[in-house]
There are 2 protein chains.
Amino acid sequence: MSPYQEVKAEILAIGDELLYGQIIDTNSHWISQELDKIGVRVVRRTTVGDSREAILEAFAAAEKRADIILMTGGLGPTNDDLTKPLLAEYFNCEIELVPEALKAVRTFFEKRGRVLTDLNRLQAHLPTKCTYIPNVLGTAPGMWFQENGTIWMSMPGVPHEMKKLMEDHVIPRIKSNFELPIIYHQVVKTVGIGESWLADVIKDWEKELPPHIKLAYLPSLGQVRLRLTAFGDNFQNLENDVAQQLQSLLPLIDKYVYGYNQDTLEETVGRLLKNHGKTVALAESCSGGYISHMITSIPGSSAYFQGSMVPYHNQFKHALLNVDELTLQTKGAVSEETIIQMAEHIRLKLNADYGLASSGIAGPGGGWAEKPVGTVWIACSDGQTTVTKKLQLTQDRMLNIQLTAIAGLNLLRTCIIGQTE
Amino acid sequence: MSPYQEVKAEILAIGDELLYGQIIDTNSHWISQELDKIGVRVVRRTTVGDSREAILEAFAAAEKRADIILMTGGLGPTNDDLTKPLLAEYFNCEIELVPEALKAVRTFFEKRGRVLTDLNRLQAHLPTKCTYIPNVLGTAPGMWFQENGTIWMSMPGVPHEMKKLMEDHVIPRIKSNFELPIIYHQVVKTVGIGESWLADVIKDWEKELPPHIKLAYLPSLGQVRLRLTAFGDNFQNLENDVAQQLQSLLPLIDKYVYGYNQDTLEETVGRLLKNHGKTVALAESCSGGYISHMITSIPGSSAYFQGSMVPYHNQFKHALLNVDELTLQTKGAVSEETIIQMAEHIRLKLNADYGLASSGIAGPGGGWAEKPVGTVWIACSDGQTTVTKKLQLTQDRMLNIQLTAIAGLNLLRTCIIGQTE
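Under the annotation held in an unreviewed UniProt entry, chain A carries the name CinA-like protein and is attributed to Mongoliitalea lutea. Quoted verbatim from the Sequence similarities (unreviewed entry) field of the UniProt record, the comment on chain A reads "Belongs to the CinA family."

Structural data, given as structure tokens:
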């Protein structure tokens, strides 16, 4: 028998604007992920509107199902925000001024040069049965209740305020209140191989996984994440166990692995360029500037990103990038001959170590039998060699742009580490 | 008294992967919006895992609250997908082969050159009390039940399959089953003015709105949507009533209005360029290719997008764009003098009617007292005049990139229609 409690949680999002689809509830998903990481089992997510009956009914139903009830929203100072008065009603207690909370709200406004109104002051009045949890990023405090063996936590619906409360207070408090299992997650991020191919490559390894380590395939556009989750009672042991499994996994798939956990492909490429002291320049046709955007979205990218050109028409591929006119006429813009020149010439033009180029038919128009929509050439040149790759993508323009960018960044990655096929 | 029924709906999302935060439930939000549009009131959204008890309990609770229960997920052919057997159990009926459904599944696989397995064949077995609703984009059929005055609809969790079923079958069926109020929505899309400024400009107009027309402010990054919703019993009348209100609203805010309903700013700019027979070229520094990406994300943009350059360093602003070296040295890259040259020169270089340029400090590093992070210059040149604008944005790199792009596209828009300030 497991020495751990199975701890069940329910997430309760409150607000008419959610039910009517006016705003997206990203909070519930994020809370789900955070609870999963610490071994708390989410058994239900519920969204109700600003209705007394619905909220009270949801409270009572959640209390029957869960050990922990995490609420977001309904904490504004106006009359349509009901969470606080209904919690007081549900727990049969008064709402009183909490001096510490008033001080925090006052400081919040003073810092911003604003005057505290009577309405703002109400934010510091809390149910007497709750523990006041300070919200340093906003004016609605968190409220923590422990009643009849159940933990209740009410948080504001503003995502960054809720996240800060969760990280600083709620997760640590949950951990200290329960004997949670120790869980260790490691995510291996792959690119350039489909889910079923990947599964086939690692199936023998997967069969040999010990029972306390689970594997999940998490596919996203052009990428597959492999998540290893180990359960046990000693964090260090789990970390070692997973590391040992990775030692046998990585040789099977190392050319597809670009990072771990929160790493993104554009970060990884940026880090590789920086670590190798190299720079890159781009000539983007069908990707229309999207690869440049991905690269420059990373802070500090000016250290390795020289710049780019998006010559969307043949005349500019010639005029700006010196792509041979005869090549463009005889082979076309979407050809290996053209993409090689684009990659080589942008590299020289912008004095970069690597030149990365894309040219293709993003669609939905523009394709023909020989070069249907979704035909894309990418190339990466380092001055010595130029590696090219032909992609046959989809019918969808935005997908084709995104998939070209991922394949392009991955081609650059493999060029930098010298692992091109 | 209203002649309409208040029709209540509950949305039920089923799947462990949702509760554990492995995938985001975008379905419930989308369904909320669609139901809101036709005047059905969503009273609750519930997410449960792949557990018999939890699903049956959710069925029973939803039936008490709602006239319509829309379910997504749990329809795969494997054992962990429980929605279908539990619906049969709940409605006390058998699951039998539906020949029409089998034919559809068979056709689906044949079209893709794949063999129908026994597992796939199971998809065509449905509860006898349901009406089979064909899913042309996937293999799990929709199931429609009408039991004891409640409508139940089970749909696959794959978003595009669910949306197609909703649009083709569920929305029309709901409309024909209930006397729904007639609702007419019109969304006015504005850019370049903040929510509170906008509210101040239109407050007198807003006070005079007739009671059957409601106004909602829907802010998003750099933009505010104004949604007018009219309730009544005659669609044509509502359309006329809203059109009349718009006639008095638009003169107040016309320079901020770029479109209606589903229009996006990049589509609007593209349409304006096309209609005026004009082209654009971009010199992007701090926006790093993002404006080019937004423009080229629109199908057919090659008709008006000449191309762009992203000269990320001063040397390339000079070498590629002929920005005067002395200007760069004395005024800096983030200056009105530089941005004017960038806009004018890219226009000439790429033989375009308009040249649009950005240069700024996206952050998080690179700012100083005189030019803090978030300082951005944009300019648009048409060969006669060059309009410039200085923006003072945020501390966040990605926000600054996105806000620069929106402001840049809006500057181009105002230049095309001759409405610059």
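> Requested: an account of empty space enclosed by the protein, with residues and values cited.
In this structure the tally under the stated criterion is 3 cavities of 30 Å³ or more. In terms of lining residues, the largest cavity is bounded by 15 residues, among which Asp25(A), Arg45(A), Thr47(A), Asp25(B) and Arg45(B) are the most central. Going through the elements one at a time, helix H2 (27-37) and strand E2 (41-48) of chain A together with helix H2 (27-37) and strand E2 (41-48) of chain B are the ones with two or more residues in the lining of the largest cavity. Its residues assigned to classes, the lining of the largest cavity shows 3 nonpolar, 8 polar and 4 charged.

> Please provide a residue-by-residue account of the layout of surface pockets, values included.
Empty space within the largest pocket amounts to approximately 1,700 Å³. Considering the residues around the largest pocket, the lining is formed by 46 residues, among which Gln33(B), Val187(B), Leu218(B), Arg225(B) and Gln262(B) are closest to the centre. Those elements that provide at least two residues to the lining of the largest pocket are H2, helix H7 (159-177), strand E9 (182-191), strand E10 (213-220), strand E11 (223-232), helix H11 (265-276), helix H12 (290-296) and helix H16 (397-416) of chain B. With 7 residues, the top contributor of residues to the lining of the largest pocket is E9(B). In this model, the second largest pocket occupies a volume close to 1,500 Å³. Lining the second largest pocket we find 34 residues, and of these Gln33(A), Lys189(A), Arg225(A), Asn261(A) and Gln262(A) sit closest to its centre. When contributions to the lining of the second largest pocket are tallied by element, the ones reaching two or more residues are H2, strand E9 (182-191), strand E10 (213-220), strand E11 (223-232), helix H11 (265-276), helix H12 (290-296) and helix H16 (397-416) of chain A.

> Summarise the packing of H11(A) against H16(A); cite the residues concerned and give the values.
All names here are of chain A. Put simply, H11 and H16 touch, their axes get as near as 10 Å, and they point 30° apart. If you check the angle between H11 and H16, you find them roughly parallel. Of the two elements, H11 crosses H16, and the hand of that crossing is left-handed. When H11 is examined against H16, the residues Leu 265, Glu 266, Thr 268, Val 269, Leu 272, Leu 273 and His 276 are found in contact with a partner set consisting of Ile 406, Leu 409, Asn 410, Leu 412, Arg 413 and Ile 416. For the contact of H11 with H16, the per-class residue count stands at 8 nonpolar, 3 polar and 2 charged.

> How would you summarise the relation of the copies chain B and chain A if you had to cite specific residues and measurements?
Overlay of chain B on chain A (RMSD 0.2 Å): rotation 180°, translation along the axis 0.2 Å. What we have between these two chains is a two-fold relation. Residue by residue, 100% of the interface of chain B is reproduced at the interface of chain A, so both copies engage with the same surface.

> Outline unusual backbone geometry, supporting the account with residue identities and numerical values.
The general pattern is negative phi for most residues beyond glycine and trans for most peptide bonds. With an omega of 0°, the peptide bond between Gly363(A) and Pro364(A) qualifies as cis. Its location among the elements puts Pro364(A) in the loop between strand E15 (354-360) and strand E16 (375-381). The residue Asn261(A) is not glycine, and still its phi comes out positive at about 50°. Considering the arrangement of structural elements, one finds Asn261(A) in the loop between strand E12 (257-260) and H11. At Asn322(B), a residue that is not glycine, the phi angle is positive and equals roughly 55°. Note on placement: Asn322(B) falls in the loop between helix H13 (314-319) and helix H14 (325-331).

> So, the side chain of His345(B): which residues are in play, and what are the values?
Residue and element names in this part refer to chain B. Here His 345 shows up in helix H15 (residues 336-349). Among the polar contacts made by the side chain of His 345, one reaches the main-chain carbonyl oxygen of Leu 321 at a distance of 2.6 Å. A polar side-chain atom of His 345 sits 3.3 Å from the main-chain carbonyl oxygen of Asn 322. If sequence neighbours within four positions are ignored, His 345 has contacts with Leu 321, Asn 322 and Val 323.

> Run through H7(B), naming residues and quoting values.
Residues and elements named next belong to chain B. In the structure, H7 departs most strongly from a straight axis at Met 166, where the bend amounts to approximately 50°. The set of residues buried in H7 consists of Glu 161, Met 162, Leu 165, Met 166, Val 170, Ile 171 and Ile 174. In this structure, the buried side of H7 is in contact with H2, strand E3 (68-72), strand E6 (131-133), strand E7 (142-147) and strand E8 (150-155).

> Hey, could you go over the environment of Tyr290(A) for me, with residue numbers and the actual values?
Its location among the elements puts Tyr290(A) in helix H12. When near neighbours in sequence (up to four residues on either side) are disregarded, Tyr290(A) contacts Glu284(A), Ile401(A), Gln402(A), Ala405(A) and His293(B).

> Describe the pattern of salt bridges, with residues and values.
Applying the stated criterion across every chain, the model contains 26 salt bridges over all chains. The salt bridge involving Glu57(A) is made with Arg44(B); its shortest N-O contact spans 3.0 Å. Within this pair, whereas Glu57(A) is found in helix H3 (residues 52-65), its partner Arg44(B) is found in strand E2, the two belonging to separate chains. Judged by its relative accessible area of 35%, Glu57(A) falls in the partly exposed class. Judged by relative accessible area, which is 4%, Arg44(B) ranks as buried. Between Asp118(B) and Arg121(B) there is a salt bridge whose closest N-O contact spans 3.9 Å. Of the two residues, Asp118(B) and Arg121(B) are both situated in helix H6 (residues 118-121); the distance of 3 residues between them amounts to about one turn of the helix.

> Summarise the sheet that holds E9(B); cite the residues concerned and give the values.
Residues and elements named next belong to chain B. Taken together, the 4 strands give an open sheet; going across it, the order is E10-E11-E9-E12, and neighbouring strands pair in antiparallel fashion. Every interior strand has two partners, whereas the edge strands, E10 and strand E12 (257-260), have only one. With direction set aside, neighbouring strand axes in the sheet form an average angle of 25°. Where E9 and E12 come together, 3 bridges link them in antiparallel fashion. If you follow Thr 190 over to E12, its bridge partner there is Val 257.

> Which residues make up the interface of chain B and chain A, and what are the values?
Counting residues at the interface gives 57 residues for chain B, matched by 57 residues for chain A. Here chain B is connected to chain A by 4 salt bridges. The partner of Glu57(A) in a salt bridge is Arg65(B), with the nearest N and O atoms 3.2 Å apart. At the level of secondary structure, the elements contributing two or more residues to the side of chain B that touches chain A comprise helix H1 (16-19), H2, E2, helix H3 (52-65), H12, strand E14 (305-311), H13 and H16 of chain B. Here the side of chain B that touches chain A gets 8 residues from one element, more than from any other, and that element is E2(B). Within the side of chain B that touches chain A, the residues separate by chemical class into 25 nonpolar, 22 polar and 10 charged. Pairing of E2(A) with E2(B) involves 5 bridges; the strand directions are antiparallel. The residue of E2(B) that forms the bridge with Val48(A) is Arg44(B).

> Just give me the short version of the sheet that holds strand E13 (residues 280-284) of chain B, but keep the residues and values in it.
Taken in spatial order, the 10 strands of this open sheet run E17(A)-E16(A)-E15(A)-E13(A)-E14(A)-E14(B)-E13(B)-E15(B)-E16(B)-E17(B), and their pairing is mixed. Edge positions in the sheet fall to strand E17 (386-392) of chain A together with strand E17 (386-392) of chain B, since each of these pairs with one other strand and no more. Taking the axes of each pair of neighbouring strands and ignoring which way they run, one obtains an average angle of 10° across the sheet. Of the strand pairs in this sheet, strand E13 (residues 280-284) of chain A and strand E14 (residues 305-311) of chain A are connected by 4 bridges, and their pairing is parallel. What sits directly across from Ala283(A), in E14(A), is Met309(A). Against the sheet, H15(B) engages E13, E14, strand E15 (354-360), strand E16 (375-381) and E17 of chain B, with an angle of about 145° to E15(B).

> Can you explain H16(B)? Please cite residues and give values.
All names here are of chain B. The terminal C-alpha atoms of H16 lie 29 Å apart, and with 20 residues this matches the ideal 28 Å at 1.5 Å per residue to within 8%. Counting buried residues in H16 gives 17 out of 20 residues, a clear majority hidden from the surface. Of the residues flanking the start of H16, the one acting as N-cap is Asp 396, its side-chain oxygen 3.1 Å from the backbone nitrogen of Met 398. At the exit of H16 stands Gly 418, carrying a positive phi of roughly 70°.

About the thresholds
Residues numbered from 1 in each chain as written. Chains lettered and ligands numbered in written order. Predicted model: local features only at pLDDT ≥ 70, side-chain atom pairs only at ≥ 80, totals over all residues. Heavy atoms only, no water. UniProt positions renumbered as here; feature names shortened; annotations may be inferred. 1 Å grid on protein atoms, 1.4 Å probe; cavity = no way out; pocket = protein on both sides within 12 Å on 5 of 7 lines; lining within 4 Å. Points joined across faces, edges and corners; volume = space filled by probe spheres on them. Helix = DSSP H or I, 4+ residues; strand = E, 2+ residues; numbered from the N terminus. Nonpolar A, V, L, I, M, F, W, Y, C, P; charged D, E, K, R; others polar. Axes fitted to C-alpha atoms, helices over the stretch in contact; angles between N-to-C directions. Parallel < 35°, antiparallel > 145°, perpendicular 65-115°, else oblique. Left-handed = near helix turned anticlockwise from the far one by under 90°. Contact = heavy atoms within 4.5 Å. Least-squares fit on C-alpha atoms with pLDDT ≥ 70 in both. Polar contact = N/O pair within 3.5 Å; in protein donor to acceptor, adjacent residues only side chain to side chain. Bend = angle between axes of the 7 residues up to and from the residue. Buried < 20%, exposed > 50% of the residue type's maximum accessible area, 1.4 Å probe, protein only. Salt bridge = Lys/Arg side-chain N within 4 Å of Asp/Glu carboxyl O. Pairing = 2+ DSSP bridges. Expected span 1.5 Å × (residues − 1).

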